Amino acid sequence: MMVDSSEMFQKYIHHPSDIYFYSRKPIENPFPDNKKECLVIVSKSAYERSDNLARYIPDHARIHMRSGSLPSIDEVRGIPSIPGLKYIIGIGGGAVMDVAKEYTALLLSDYRYGINELIADGNLLDSCQFRRPKIKLRLIPTLFGSSSELTKTCSFWALDGGRKFTLSHQSLYADSVVYDPALCQSASKELITISALDCLAHAMEACWNKNHCFITDHFALGAIRLCMNALSDNSADKEFSDLAKAAALAGLAFAQNGTSLAHALSYPITLQSRVPHGLASSVFLGELLENLKTPRPEIYSSIAEIFFNAGFELAHGLCNAYQDFYKSIGAYDVLNQFDIKCINPCEAAKSARLYTKYYSSVITLFESQAVDLYKVLISKTVSNNTGFPKALL
Ligand SMILES: [Fe+2]
């Protein structure tokens with residue numbers, strides 16, 4: 001019997017990347033031809049601190065090293081065009097993943113379009129897709145937070161203009177993603193914590209995104225559980241392995257439905273006071289979790305159970321449990337190193353509402369409520385105004 005034309009199908013999940021986890025056995029090599037032109041975009045700090053990273057850089061590769069956690073349009077423009085380039089490998093944190101995808105977009109267009117044009121109209125890449133099978137993009141995260149390696153989206157920050165821009169296109173999914181927990185081992189505890197908080201934010205955002213489904217819920221709850229285990233546990237080996245798995249699961253969830261309210265609210269914080277993204281994207285999760293009780297009671301209960309099992313008191317609600325957790329991992333201490341008081345709550349709330357993801361949540365937040373969230377954040381933090389910790393930027 002045919003399906004009635006009035007019936008609808010909802011696409012639940014799609015992912016074109018091959019996902020690898022490091023194994024002591026030889027892994028399948030998605031780049032069999034080592035002679036072809038290859039560009040490696042790598043984080044300078046990861047390159048300098050990790051001995052394990054060299055195994056992912058082909059001998060003949062050209063190397064572009066970058067630093068800083070917020071990629072800009074000018075940075076991508078500054079990478080020279082390479083005729084005949086076939087392989088792009090990104091190794092680093094979320095910023096490297098984004099720059100590698102942005103450069104792939106330029107290569108895909110045969111450098112015909114500029115980044116500004118592609119941001120204005122990502123569909124320009126539609127006409128370039130015939131080149132995509134000849135280009136290989138491999139992404140290797142060294143911090144397990146952004147999960148950008150599993151998304152088709154890349155971001156640019158315009159700190160002067162106070163905006164964040166994104167480019168999103170099907171062709172920007174990586175061909176292969178490699179998770180190697182050893183790459184994270186030499187990063188500072190603070191950096192790992194901030195990255196894990198971003199991962200936690202992605203997983204929770206996947207739960208309250210309007211396009212959630214049972215598959216993304218399953219991945220997201222798994223990621224939340226792994227993040228909580230890792231952040232509440234001091235066992236190093238287990239921690240890194242759990243975070244790598246959490247990044248993969250959160251990425252598979254939010255690559256389907258995108259980030260949402262917590263991220264929209266975080267951008268003004270990062271733009272106005274330079275608070276690292278993972279810290280800013282996770283700072284309101286407690287308040288948003290509390291608002292999940294009505295639209296998604298089953299998910300609220302599942303997350304409450306994860307917090308309970310991790311040892312957090314639920315007698316005063318999930319919001320308080322989350323804030324106890326945020327405090328227990330030292331996140332407020334790091335937040336206090338930034339000039340939170342420079343944030344203007346009304347301007348921040350207006351700015352957050354400019355991002356479409358503000359409206360992509362099952363939770364409704366009025367502008368006055370957003371203003372109140374920023375006011376409470378400012379009242380909770382005591383700025384010592386000593387500038388930005390260099391390790392984070
Ligand atoms: Fe994020």
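What you see is a predicted model; the values in this text were computed from it and never measured. (Residues numbered from 1 in each chain as written. Predicted model: local features only at pLDDT ≥ 70, side-chain atom pairs only at ≥ 80, totals over all residues. Heavy atoms only, no water.)

Asker: Before we go on, may I ask you to explain the overall build of the protein chain in this structure?
Answerer: Looking only at helices and strands, the protein chain has 15 helices and eight strands in total. Taking 21 Å as the expected radius of gyration for a compact globule of 393 residues, we find that the protein chain reaches 21 Å, a close match to that expectation. Within the protein chain, buried positions represent 55% of all 393 residues. If you take every contact in the protein chain between residues at least 6 apart in sequence, the share linking residues at least 24 apart comes to 75%. About 17,100 Å² of surface is accessible on the protein chain, with carbon and sulfur atoms providing 52% of the total. Of the charged side chains in the protein chain, 38 are positive and 40 negative, and the gap between their average positions amounts to 3 Å. (Helix = DSSP H or I, 4+ residues; strand = E, 2+ residues; numbered from the N terminus. Rg over C-alpha atoms; globule rule 2.2 N^0.38 Å. Buried < 20%, exposed > 50% of the residue type's maximum accessible area, 1.4 Å probe, protein only. Contact = heavy atoms within 4.5 Å. Areas by Shrake-Rupley, 256 points an atom, 1.4 Å probe, with all protein chains shown as cover. Lys, Arg positive; Asp, Glu negative; His and termini not counted. Charge placed at Lys NZ, Arg CZ, Asp CG, Glu CD.)

Asker: Just checking my understanding: could you explain the sheet that holds strand S4 (residues 87-92) for this structure?
Answerer: Sheets are built from strands paired through backbone hydrogen bonds, the pairs being either parallel or antiparallel. Pairing is parallel in the open sheet, where six strands are placed in the order S1-S8-S5-S4-S2-S3. The outermost strands of the open sheet, each flanked by one partner alone, are strand S1 (18-21) and strand S3 (62-66). When strand polarity is set aside, the average angle formed by the axes of neighbouring strands in this sheet is 15°. With four bridges joining them, S1 and strand S8 (residues 176-179) adopt parallel strand pairing. Counterpart to aspartate 18 in the pairing with S8 is serine 176. (Pairing = 2+ DSSP bridges. Axes fitted to C-alpha atoms, helices over the stretch in contact; angles between N-to-C directions.)

Asker: When you look at the domain arrangement of the protein chain in this model, what are you seeing that I'm missing?
Answerer: Interfaces are often sized by the amount of accessible area the parts lose when they come together. Splitting the protein chain by domain gives domain 1 (18-183) and domain 2 (189-392). Put simply, the middle of domain 1 and the middle of domain 2, counted by C-alpha atoms, are 26 Å apart. Listed per partner, the contact involves 22 residues of domain 1 and 27 residues of domain 2. Summed over both partners, the interface of domain 1 with domain 2 comes to about 2,000 Å²; 69% of that surface belongs to carbon and sulfur atoms. If you sort the residues of domain 1 by the area they bury against domain 2, Phe144, Trp157 and Arg163 come out on top, with a joint share of 25%. On inspection of domain 1 and its partner domain 2, the count reaches zero salt bridges. Applying the counting criterion to the domain 1 and domain 2 interface returns six residue pairs in polar contact (both at pLDDT 80 or more). A breakdown of the residues in the side of domain 1 that touches domain 2 according to their chemical character gives 12 nonpolar, six polar and four charged. (Domains from an automatic or database assignment. Buried area = accessible area lost by both parts, 1.4 Å probe. Salt bridge = Lys/Arg side-chain N within 4 Å of Asp/Glu carboxyl O. Polar contact = N/O pair within 3.5 Å; in protein donor to acceptor, adjacent residues only side chain to side chain. Nonpolar A, V, L, I, M, F, W, Y, C, P; charged D, E, K, R; others polar.)

Asker: Sorry if this is basic, but what is going on with helix H3 (residues 94-108) here?
Answerer: Residues that lie three or four places apart on an α-helix share one face, since the helix turns once every 3.6 residues. With 15 residues, H3 should reach 21 Å at 1.5 Å per residue; the first-to-last C-alpha distance of 21 Å fits that figure. In the stretch just after H3, aspartate 110 is the one whose phi turns positive, near 55°. (Expected span 1.5 Å × (residues − 1).)

Asker: What is the right way to read the environment of cysteine 128 from this model?
Answerer: Note that cysteine 128 resides in the loop between helix H4 (115-120) and strand S5 (136-141). Classification of cysteine 128 by relative accessible area gives buried; the value is 0%. On a C-alpha basis, the gap between cysteine 128 and aspartate 110 in space is 8.2 Å, while along the polypeptide they are 18 residues apart. Ignoring sequence-local partners within four residues, the contact set of cysteine 128 consists of Leu108, Ser109, Arg112 and Tyr113.

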